[in-house]
Amino acid sequence: MEGGYQDTRWEGYVDWRNKPALRGKHGGMLAASFALAVEVLENLAYLANASNLVLYLSKYMHLSPSKSANNVTNFMGTAFLLALLGGFLSDAFFTTYHIYLISALIEFLGLIILTIQAWTPSLKPPTCDPSTTPSMPCQEIDGGKAAMLFIGLYLVALGVGGIKGSLPTHGAEQFDENTPQGRKQRSTFFNYFVFCLSFGALIAVTFVVWVEDNKGWEWGFAISTIAILVSIPIFFFGSGFYRNKIPSGSPLTTICKVLVAAMLNGCMSRNSSNAIANLSASPSFEPETNKEPEENAKQTDEIPTQSLKFLNRAVVYKPAHPALQCTVNQVEDVKIVLKILPIFACTIALNCCLAQLSTFSVEQAASMDTKLGSLKTPPASLPVFPVVFIMILAPVYDHLIIPFARRVTNTEMGITHLQRIGIGLFLSIISMAVAALVEIKRKRVATDSGLLDSTAPLPITFFWIALQYLFLGSADLFTLAGLLEFFFTEAPSSMRSLATSLSWTSLAMGYYLSSVIVSIVNNVTGNSGHSPWLSGYTINRYHLDRFYWLMCVLSTLNFLHYLFWAMRYKYRSAGAGARK
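Residues numbered from 1 in each chain as written. Predicted model: local features only at pLDDT ≥ 70, side-chain atom pairs only at ≥ 80, totals over all residues. Heavy atoms only, no water.

**Side note on empty space enclosed by the protein**
Alright, step 1. Taken as a whole and assessed by the stated rule, the structure comprises four cavities of 30 Å³ or more.
Alright, step 2. Estimates place the volume of the largest cavity at around 70 Å³.
Alright, step 3. Its residues assigned to classes, the lining of the largest cavity shows two nonpolar, seven polar and three charged.
Alright, step 4. In terms of domain composition, the lining of the largest cavity takes at least three residues from each of domain 1 (9-128 + 142-247) and domain 3 (334-575). (1 Å grid on protein atoms, 1.4 Å probe; cavity = no way out; pocket = protein on both sides within 12 Å on 5 of 7 lines; lining within 4 Å. Points joined across faces, edges and corners; volume = space filled by probe spheres on them. Nonpolar A, V, L, I, M, F, W, Y, C, P; charged D, E, K, R; others polar. Domains from an automatic or database assignment.)

**A few points about the packing of aromatic side chains**
Alright, step 1. Scanning the model with the defined rule gives 28 aromatic pairs in all.
Alright, step 2. Geometrically, the ring pair formed by Tyr-56 and Phe-221 is edge-to-face, given 5.3 Å between the ring centres and 85 degrees between the ring planes. Note that Tyr-56 is positioned in helix 3 (residues 53-59) and Phe-221 in helix 9 (residues 217-237), a separation of 165 residues in sequence.
Alright, step 3. Judged by its relative accessible area of 1%, Phe-221 is buried. (Phe/Tyr/Trp six-rings, centres within 6.5 Å; stacked < 30°, edge-to-face > 60°. Helix = DSSP H or I, 4+ residues; strand = E, 2+ residues; numbered from the N terminus. Buried < 20%, exposed > 50% of the residue type's maximum accessible area, 1.4 Å probe, protein only.)

**Details of unusual backbone geometry**
Alright, step 1. At Asn-18, a position not held by glycine, the phi torsion is positive, near 70 degrees.
Alright, step 2. By the element assignment, Asn-18 lies in the loop between strand 1 (9-14) and strand 2 (20-22).
Alright, step 3. Positive phi values are uncommon outside glycine, yet Asn-410 reaches one of about 55 degrees.

**Topic: the pattern of salt bridges**
Alright, step 1. If you walk through the whole model with that rule in mind, you get eight salt bridges.
Alright, step 2. Note that Lys-164 and Glu-42 form a salt bridge whose closest N and O atoms lie 3.2 Å from each other. Linking Lys-164 in helix 7 (residues 143-172) with Glu-42 in helix 2 (residues 29-50), this pair joins segments that are 122 residues apart in sequence. Here Lys-164 matches Glu-42 in class, with each residue buried.
Alright, step 3. A salt bridge links Arg-496 to Glu-177, with the nearest nitrogen and oxygen atoms 2.4 Å apart. With Arg-496 in helix 18 (residues 496-500) and Glu-177 in the loop between helix 7 and helix 8 (180-214), the pair connects residues that are 319 residues apart, well separated along the chain.
Alright, step 4. Residue class for Glu-177 comes out partly exposed when judged on its relative accessible area of 29%.
Alright, step 5. Connected through shared salt-bridge partners, Glu-39, Glu-42 and Lys-164 make up one network. (Salt bridge = Lys/Arg side-chain N within 4 Å of Asp/Glu carboxyl O.)

**Topic: the nonpolar core**
One broad trend across soluble globular proteins is that nonpolar side chains are buried collectively.
Alright, step 1. Counting residues in hydrophobic clusters, the biggest one holds 118 residues, and the most contacted among them are Tyr-56, Phe-75, Phe-189 and Phe-547.
Alright, step 2. For this core, the element with the most residues is helix 2, which contributes 13 residues.
Alright, step 3. When residues of this core are assigned to domains, at least three map to each of domain 1 (9-128 + 142-247) and domain 3 (334-575).
Alright, step 4. Phe-547 has contacts with Gln-356, Phe-360, Ile-517, Val-518, Val-521, Trp-533 and Leu-534, leaving out every residue within four places of it along the chain.
Alright, step 5. Of all hydrophobic cores here, the second largest spans 17 residues; its members include Val-434, Val-438, Ala-446 and Phe-462. (Core = buried A, V, L, I, M, F, W, Y, C linked by side-chain atoms within 4.5 Å. Contact = heavy atoms within 4.5 Å.)

**Quick look at helix 8**
Alright, step 1. Here helix 8 spans 51 Å end to end across 35 residues, near enough to the 51 Å set by a 1.5 Å rise per residue.
Alright, step 2. At Ala-204, helix 8 shows its largest kink, close to 30 degrees.
Alright, step 3. Where helix 8 terminates, the next one or two residues include Gly-216, which has phi positive at roughly 120 degrees. (Expected span 1.5 Å × (residues − 1). Bend = angle between axes of the 7 residues up to and from the residue.)

**A look at the pairing of strand 1**
Alright, step 1. Across two bridges, the pairing between strand 1 and strand 2 is antiparallel. Note on strand 2: the bridge partner recorded for Val-14 is Pro-20.
Alright, step 2. The turn linking strand 1 back onto strand 2 is made up of five residues, and Asn-18 within it adopts a positive phi angle of 70 degrees. (Pairing = 2+ DSSP bridges.)

**Looking at a nonpolar patch on the surface**
Alright, step 1. A cluster of nonpolar side chains, namely Val-388, Ile-392, Val-396, Leu-400 and Ile-401, defines an oily patch on the protein surface of about 390 Å² accessible area.
Alright, step 2. The residue Leu-400 is located in helix 15 (residues 384-409) in this model.
Alright, step 3. Among the residues examined, Leu-400 registers a relative accessible area of 57% and is labelled exposed. (Patch = residues over 30% accessible without salt bridge, like charges linked within 9 Å, V, L, I, M, F, W, Y side chains within 5 Å. Areas by Shrake-Rupley, 256 points an atom, 1.4 Å probe, with all protein chains shown as cover.)

**Here we look at the packing of helix 8 against helix 17 (residues 466-490)**
Alright, step 1. Remark: helix 8 packs on helix 17, axes separated minimally by 9 Å, with the N-to-C direction vectors making an angle of 140 degrees. It follows that helix 8 is oblique to helix 17 by the angle criterion. For the pair helix 8 and helix 17, the sense of crossing is right-handed. Of the residues in helix 17, those in contact with Arg-186, Ser-187, Phe-190, Asn-191, Phe-193 and Val-194 of helix 8 are Leu-477, Leu-480, Ala-481, Leu-484, Glu-485, Phe-488 and Thr-489.
Alright, step 2. Among the residues forming the contact of helix 8 with helix 17, the class breakdown is eight nonpolar, three polar and two charged. (Axes fitted to C-alpha atoms, helices over the stretch in contact; angles between N-to-C directions. Parallel < 35°, antiparallel > 145°, perpendicular 65-115°, else oblique. Left-handed = near helix turned anticlockwise from the far one by under 90°.)

**Points about the side chain of Thr-225**
Alright, step 1. In this fold, Thr-225 is placed in helix 9.
Alright, step 2. Thr-225 has contacts with Phe-108, Leu-111, Ile-112 and Thr-115, leaving out every residue within four places of it along the chain.

**Notes on the side chain of Thr-500**
Alright, step 1. By secondary structure assignment, the location of Thr-500 is in helix 18.
Alright, step 2. With a relative accessible area of 1%, Thr-500 lands in the buried category.
Alright, step 3. The contact partners of Thr-500, leaving out residues within four places of it in the chain, are Pro-168, Thr-169, Leu-484, Phe-487 and Phe-488.

**Remarks on the sheet that holds strand 2**
Alright, step 1. If you trace the three strands from one edge of the open sheet to the other, you get 2-1-3, paired in antiparallel fashion. On the outer flanks of this sheet lie strand 2 and strand 3 (244-245), each paired with one strand and no other.

**Topic: the environment of Phe-93**
Alright, step 1. Residue placement: Phe-93 occurs in the loop between helix 5 (83-92) and helix 6 (96-119).
Alright, step 2. Separated by 154 residues in the primary sequence, Phe-93 and Pro-247 have C-alpha atoms spaced 5.7 Å apart.
Alright, step 3. Not counting residues up to four positions away in its chain, the partners in contact with Phe-93 are Phe-88 and Pro-247.

**A short note on the packing of helix 12 (residues 328-346) against helix 20 (residues 544-566)**
Alright, step 1. Put simply, helix 12 and helix 20 touch, their axes get as near as 9 Å, and they point 165 degrees apart. The orientation of helix 12 with respect to helix 20, classified from their angle, is roughly antiparallel. In the packing of helix 12 onto helix 20, the handedness of the crossing is left-handed. When helix 12 is examined against helix 20, the residues Pro-342, Ile-343 and Cys-346 are found in contact with a partner set consisting of Asn-558, His-561, Tyr-562, Trp-565 and Ala-566.
Alright, step 2. By residue class, the composition of the contact of helix 12 with helix 20 is six nonpolar, two polar and no charged.

**Focus on the environment of Leu-114**
Alright, step 1. Within the fold, Leu-114 resides in helix 6.
Alright, step 2. Among the residues examined, Leu-114 registers a relative accessible area of 2% and is labelled buried.

Encoded structure:
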């Protein structure tokens, strides 16, 4: 009976009541589907505000355009960076199940604060119209009112970070990675996770943005609040189906311990009797640990790999300090983390290109004819283009492209994670080239129409901007879904949530890098005796086409850099390059 029980339970997993998770009862696509449904509502609640927040801060909170833009950048960047905190807590102390519920409640609290402030005139600065009283500037929000605004915003950011750091991992953990079927289902999950993320964004940048612009921001915040509130019971209803991975301690502690041990042991005596490198010649090696004899016997047969050999110094007979005693498994886990970091770094440039979707691309489109028949499209709704492209491409990729690739390559994955990321990076190069060509055409229309210094709409449809959105949206699908799956499958099981959070960190760093590049470009081009490329009374006076060509060149160099690391990477996960 005991043996049969062991065979039916998921080793290392528990259910929501902290009892052993059982095969056939916990996990699978049904359990993961709750995470997909929740992602629609979660991203709706987040993007409904983030996509239009700059207008709320400038028009209703009376912040200057530069302050509004900086606050939006800080808010979005902080939310994605806090995904690292959510991932860390999921790995170290709590399950992804608990982190999601806690984070959703925190975001709900932040949205309630923002809704109350938007609904109550006394909690906002006095209304004013600068066009009627130009000599009296509007009073900027300050004091307790400003404190309430930013407490609400950053509670939302904290909640969003926790959700982004836990929900993708929670869904992916529902599948059995030891079977080909489980790995294929996990790949499908990541594809549809990006699809659901985009579906929530579609509702946010169309319906909710329209409500905010036409009915009032209090209604927009209320919709976001209801969305995140509804997501909590939906997620909770799936509790009986989830298998939750048992936390195995702080991954950062392991990483720091191995790095410090390797450094200190390397500075100490290099006596060969103390080196792990001679383990193969010393089968009687027995680490001085307090672990069980069976565990020590298992470790005796383990020899560290020769990649990143400097880390092998962390495993010695007598470490610099007893607290720095490291096992071979810990060293190999840290090696894996270090090997995936260059891949992570190469995706930041892509996200820097994506940042243009919410900045210059929106300004370009706003200067063009945005009418669809009698309907005028609000600029904040323009990201609908990449969102729709992603929603169309995701099922096509999963149900048509991948099965075809599996038949052609005769491999389980069809297209590997790194190939998928590489396709996204290549598409970002094309998108920047297309953006430059479209901008050349737009400025030619402005010149021919005599509207270079006018803010009137140009006689050219904003559908031209859809071309760069098409390629950037496709690049986002390939890269984000590929990154999420790559980090989850390649990272050690004790670090998966933290590693998966790097996907969102790349997005945040891309936004920050975009601001840095814009500042550098303006400083360099402005010092040459000419006007800076990205300044002027109207965007028609910008040299935006030159900026896009620069981004195209930088993206090309980044792609070549990526190829250098990707071609040398060796997968550790099962099925990554395995034959069917």
